[in-house]
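# Working through the structure, step by step
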Amino acid sequence: MKKLIVLLSIVTVLVTGCSVYKLDNNNIGKNIKTLMSEKVKMYNVYYEGYKYYLPKGIGFIDKEDYNAILKDRNNNKYYLYIDAISYYHKIENKYEIKNDTHYSKILNYNGKTGYIQIDKVDDKYFIQFVYNYAKMEAYVKEEDLVDVITNMCLILRTVKYNDAVLESLIGENKLNYKEEDYTLFKANSSKESFLDVVEREETDKYKKDLEDEKIDLED
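Now for a look at the structure at hand. This is a predicted model, so every value here is computed, not measured. (Residues numbered from 1 in each chain as written. Predicted model: local features only at pLDDT ≥ 70, side-chain atom pairs only at ≥ 80, totals over all residues. Heavy atoms only, no water.)

## Observations regarding the overall build of the protein
- Each helix and strand in the protein was counted, giving 6 helices and 10 strands.
- Scored against the burial criterion, the 219 residues of the protein give a buried share of 44%.
- Of all intrachain contacts in the protein linking residues separated by at least 6 positions in sequence, the fraction that spans at least 24 positions is 54%.
- Total accessible area on the protein stands at roughly 13100 Å², and carbon and sulfur atoms take up 49% of it. (Helix = DSSP H or I, 4+ residues; strand = E, 2+ residues; numbered from the N terminus. Buried < 20%, exposed > 50% of the residue type's maximum accessible area, 1.4 Å probe, protein only. Contact = heavy atoms within 4.5 Å. Areas by Shrake-Rupley, 256 points an atom, 1.4 Å probe, with all protein chains shown as cover.)

Here is the structure:
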């Protein structure tokens, strides 16, 4: 009997102590709050000036400067931009709730801010998720909406910057520094501009077989 009680106690701890890592499509805001409110210190991706955690099942297709294109097991593409420039200069993101969208919400957890906006485009959903000076975008089917937002939460909540390294890279005393214009990831980017980029990639260098370029998703 004692062994049974101990076992039940362990099960209870596992159930109540772990986070819910699946979003309820009927209550997106509540579940985003559950994930983003947690203070997580897990990292497995390291670059100059920043690091973050990439969940199992997500792999790289391409990486250039502060931009990265990711892919999950369901072949959904995620476009990630780490806005180290805005972070360094502490530029506030100005976003207003959009009432004409599928979902729009301002985020503020653990001293980090951002927003999420979801637009329905034909039979798919265009997601813009900004948090802690990082932005992710994706264009997905309804059945993948929950999993994709979950993955975005797990990635964006772990982004951490290295002030000393960023100072050496983009600091005021950095010689020959040229600020790039990442129009795709600006706060006022639209689904039209995003879809234009997706189409251009499919007909340009991303038309080739990407399987040889990405990290094995099973790793």
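## Quick word on the nonpolar core
- By size, the foremost hydrophobic cluster in this structure holds 46 residues, and its most contacted members are Y52, L70, F129 and I149.
- Top element by residues in this core is helix α4 (residues 145–156). It accounts for 8 residues. (Core = buried A, V, L, I, M, F, W, Y, C linked by side-chain atoms within 4.5 Å.)

## Here's the deal with the sheet that holds strand β6 (residues 103–109)
- Pairing within the open sheet is antiparallel, and its 7 strands lie in the order β3-β4-β5-β9-β8-β7-β6. Each end of this open sheet is capped by a strand with a single partner; those strands are β3 (59–64) and β6. Geometrically, the sheet is characterised by an average inter-axis angle of 15° between neighbouring strands, direction not taken into account.
- Bridging between β3 and strand β4 (residues 67–71) involves 5 bridges; their strand directions are antiparallel. The partner of D62 across the bridge, within β4, is I69.
- Where helix α2 (residues 28–36) meets the sheet, it contacts β6, β7 (112–121) and β8 (124–131), and its direction lies at approximately 25° from that of β6.
- Sheet strands in contact with α4 are β4, β5 (77–82), β7, β8 and β9 (134–141), and its direction is about 165° off that of β9. (Pairing = 2+ DSSP bridges. Axes fitted to C-alpha atoms, helices over the stretch in contact; angles between N-to-C directions.)

## A short note on the environment of L169
- Locating L169 in the fold gives a position in helix α5 (residues 163–170).
- Judged by relative accessible area, L169 falls into the partly exposed class, the value being 23%.

## A word on the pairing of β8
- Within β8, 7 of the 8 residues are buried, leaving the element largely enclosed by the surrounding structure.
- Here β7 runs beside β8; their pairing, made up of 8 bridges, is antiparallel. The residue of β8 that forms the bridge with I118 is I127.
- Between β7 and β8, which pair antiparallel one after the other, the connecting turn spans 2 residues, and D122 there sits at a positive phi close to 60°.
- Taken together, β8 and the strand that follows it, β9, pair antiparallel across an intervening segment of 2 residues, in which N132 is found at a positive phi of about 55°.

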